[in-house]
Amino acid sequence: SRKSPTREWSLHEFDMGRPLGKGKFGRVYMVRTKCEPRYILALKTLYKSEIVQSKVEKQIRREIEIQQNLRHPNVLRLYGYFHDEKRIFLMLEFAGKGELYKQLSKYGCFTEKRSARYIDQMADALIYLHGKHVIHRDIKPENLLLGINGELKIGDFGWSVHAPGNRRKTLCGTLDYLPPEMVEGKEHSEKVDYWALGVLTYEFLIGNPPFEDRSSTNNTYRRIAKVDLRFPSSMSPDVKDLIAKLLQYEPEKRLALTEVRKHPWIVKYRPRKP
Ligand SMILES: Cn1ncc2ncnc(NCCc3cnc(NC(=O)Nc4cccc(C(F)(F)F)c4)s3)c21
């Protein structure tokens, strides 16, 4: 199809709506284009001063370059970007049901059915991303959004890279999702997203990640490196089987995403075709 030239956008072309949330580098607003056809978007503002200070301009450029070419129902669209003298604006698909982690903290944990449907959608999105040699590298509840029909949307490709990646991830935010190979600063592949999917499954069902140690990050490191995995008795045998197959120390031993989608625990909760 003929590539539509990405036209230049600017702030005055939008009516500003309500704030949707604030990230580490700026706020996100619900906005609407002033002229027909009226589009509703999420506009993420990033201050150039902060980006320069934190030396993440390369990452932003990479995020924009990577995410603009992605088209998948479970990957949040990045339509484009523009900037003024002080700020960069990311034009994002608006996720009608907001941030998934807010639902997780509100309910404490999700049912097996809801968790299985989210993990199935995550596996589908990751198969797509890895097919384009994109590793997300930052799969966690805080980076997941929900579309208007409750479908999961992976957002924030701020840490994504083209495989294989071996850039030291300057650790910020939670370590809970890091796989052993990243904790040990080794080279890593798209298999880091497999590990994170296992951590995510656990956290959806239990309400906190498997290797968490709120008292010491060093202990979290140690528990990850040892794969010190403990399942509460409440967990059903088939989901324990799936999690154990994803949280394998050896990246190559982690269950393939296509196998995740065929796993009994996932198939059991797949919505019936009408
Ligand atoms: C809250 N909310 N509710 C509804 C809704 N609908 C859409 N979006 C929302 N929120 C925005 C979600 C994001 C998607 N992509 C992002 N990308 C980013 O934040 N990139 C980014 C920033 C700073 C530094 C870096 C880097 F590279 F330096 F690390 C990268 S943020 C919504």
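What comes next is a walk through the structure.

## Quick look at the overall build of the protein chain
When you go through the protein chain residue by residue, the secondary structure sums to ten helices and nine strands. Scaling as 2.2 N^0.38, a compact globule of 274 residues should have a C-alpha radius of gyration of about 19 Å, and the protein chain matches this with 19 Å. For the protein chain, the spread of C-alpha atoms along the principal axes amounts to about 55 × 50 × 40 Å. The buried share of the protein chain, reckoned over its 274 residues, is 47%. Considering only intrachain contacts with a sequence separation of at least 6, the fraction spanning at least 24 residues in the protein chain is 60%. Working note: accessible area of the protein chain is about 14,300 Å², and carbon and sulfur atoms make up 53% of it. If the 50 positive side-chain charges of the protein chain are averaged to one point and the 34 negative ones to another, these points end up 3 Å apart.

## Notes on the pairing of strand E5 (residues 87-93)
Along E5, six of the seven residues are buried, which leaves the element largely enclosed by surrounding structure. Relative to E5, strand E3 (residues 40-47) runs antiparallel, the two sharing seven bridges. In the sheet register, tyrosine 47 faces E5, and the bridge partner there is arginine 87. Between the end of strand E4 (residues 78-83) and the start of E5, which pair antiparallel, lie three residues.

## A look at the nonpolar core
One finds Ile154, Leu197, Phe204 and Val260 to be the most contacted residues of the largest nonpolar core, which totals 53 residues. Broken down by element, the residue count for this core peaks at ten residues, all from helix H6 (residues 191-206). Apart from residues lying up to four places away in sequence, isoleucine 154 is in contact with Asn74, Val75, Leu76, Met122, Ala125, Leu129, His136, Ile139, Asn143 and Leu144. Counting 15 residues, the second-largest nonpolar core is a separate cluster that includes Leu46, Leu78, Ile88 and Leu90.

## Let's talk about unusual backbone geometry
Across the junction of glutamate 36 and proline 37, the peptide omega takes the value -10 degrees, indicating a cis bond. Even without a glycine there, the phi angle at aspartate 156 is positive, about 55 degrees. Mapping aspartate 156 onto the fold places it in the loop between strand E8 (152-154) and strand E9 (161-162).

## Focus on the pattern of salt bridges
The final tally for this structure, using the stated rule, is 21 salt bridges. Aspartate 84 is the partner of arginine 87 in a salt bridge, and the nearest nitrogen-oxygen pair spans 2.9 Å. Judged by its relative accessible area of 23%, arginine 87 falls in the partly exposed class. One salt bridge connects lysine 153 with glutamate 93, and the closest N-O pair in it is separated by 2.8 Å. One end of the pair, lysine 153, is in strand E8; the other, glutamate 93, is in strand E5, and 60 residues separate them in sequence. You can call lysine 153 buried: its relative accessible area is 7%. Taken together, the shared-partner salt bridges in this structure form one network comprising Asp120, Asp124, Arg261 and Arg270.

About the criteria used
Residues numbered from 1 in each chain as written. Predicted model: local features only at pLDDT ≥ 70, side-chain atom pairs only at ≥ 80, totals over all residues. Heavy atoms only, no water. Helix = DSSP H or I, 4+ residues; strand = E, 2+ residues; numbered from the N terminus. Rg over C-alpha atoms; globule rule 2.2 N^0.38 Å. Buried < 20%, exposed > 50% of the residue type's maximum accessible area, 1.4 Å probe, protein only. Contact = heavy atoms within 4.5 Å. Areas by Shrake-Rupley, 256 points an atom, 1.4 Å probe, with all protein chains shown as cover. Lys, Arg positive; Asp, Glu negative; His and termini not counted. Charge placed at Lys NZ, Arg CZ, Asp CG, Glu CD. Pairing = 2+ DSSP bridges. Core = buried A, V, L, I, M, F, W, Y, C linked by side-chain atoms within 4.5 Å. Salt bridge = Lys/Arg side-chain N within 4 Å of Asp/Glu carboxyl O.

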